[in-house]
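Structure assessment
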Amino acid sequence: MQGHAERGLDLRLAFSRETAEKCYVHHLMKEDARKIAKLLTSGAGRVYVCGDGANMAKDVHKALAHALVEAGVTADDAAALAALDVLKKDGRILHDIWSPVDEYD
């Protein structure tokens, strides 16, 4: 990953166990909401969610919806969730999670 970062990848790392202050991926995603929304709406962005499906995947899904609303791409959470469903059906949001989650609240 460091090699990709040296070639321009915007690499953000979240550590929840190695530091006193917990930093989770969805915290960083909320900070980068407008950038994420721009990547998703431009057609260039892809999201790969890997890990815990019971908690982390849900939080990432909520952060993606937040990004679309925050950037003004969608009017509200319901519209954002519908847009995420389309991205998932188009194969632009993929999950490799160890706890099966079919639907997010």
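Everything below is about the structure printed above this text.
A short tour of the structure in this document, coming up. (Residues numbered from 1 in each chain as written. Predicted model: local features only at pLDDT ≥ 70, side-chain atom pairs only at ≥ 80, totals over all residues. Heavy atoms only, no water.)

The subject of this paragraph is the pattern of salt bridges. All told, the structure shown has three salt bridges when counted by the stated rule. Of the charged contacts in the structure, one is a salt bridge between Lys-35 and Asp-10, with a shortest N-O distance of 2.4 Å. Here Asp-10 lies in the loop between helix H1 (2-6) and helix H2 (25-31) and Lys-35 lies in helix H3 (residues 33-42), a separation of 25 residues in the sequence. With relative accessibility at 44%, the residue Lys-35 sits in the partly exposed group. On the accessibility criterion, Asp-10 (44% relative accessible area) is partly exposed. Between Arg-12 and Glu-31 there is a salt bridge, and its shortest N-O distance comes to 2.9 Å. Taken together, the positions of Arg-12 in the loop between H1 and H2 and Glu-31 in helix H2 put the pair 19 residues apart, joining distant regions of the chain. With a relative accessible area of 57%, Glu-31 lands in the exposed category. Here the salt bridges share partners, and the residues they tie into one network are Arg-12, Glu-31 and Asp-32. (Salt bridge = Lys/Arg side-chain N within 4 Å of Asp/Glu carboxyl O. Helix = DSSP H or I, 4+ residues; strand = E, 2+ residues; numbered from the N terminus. Buried < 20%, exposed > 50% of the residue type's maximum accessible area, 1.4 Å probe, protein only.)

Let us look at the environment of Arg-7. Along the chain, the position of Arg-7 falls in the loop between H1 and H2. What makes Arg-7 exposed here is its relative accessible area of 63%. A polar side-chain atom of Arg-7 sits 3.2 Å from the main-chain carbonyl oxygen of Gly-3. (Polar contact = N/O pair within 3.5 Å; in protein donor to acceptor, adjacent residues only side chain to side chain.)

With that out of the way, let us pick up the side chain of Asp-52. Its location among the elements puts Asp-52 in the loop between strand E1 (47-51) and helix H4 (56-70). Polar side-chain contacts of Asp-52 include one of 3.1 Å to the backbone nitrogen of Asn-55. The contact partners of Asp-52, leaving out residues within four places of it in the chain, are Ala-57, Ile-97, Trp-98 and Ser-99. (Contact = heavy atoms within 4.5 Å.)

Here helix H5 (residues 77-89) is 13 residues long and its end C-alpha atoms lie 18 Å apart, about the 18 Å a rise of 1.5 Å per residue gives. All of the buried residues in H5 are Ala-80, Leu-84 and Leu-87. All buried residues of H5 project into a common sector of 55° when viewed along the axis, lining one side. Facing away from the buried side of H5, by more than 90 degrees, are the exposed residues Ala-78 and Lys-89. Tucked inside the fold, the buried residues of H5 contact H3, H4 and strand E2 (93-97). Its side-chain oxygen placed 3.2 Å from the backbone nitrogen of Ala-78, Asp-76 serves as the N-cap of H5. (Expected span 1.5 Å × (residues − 1). Arc of directions from axis to C-beta.)

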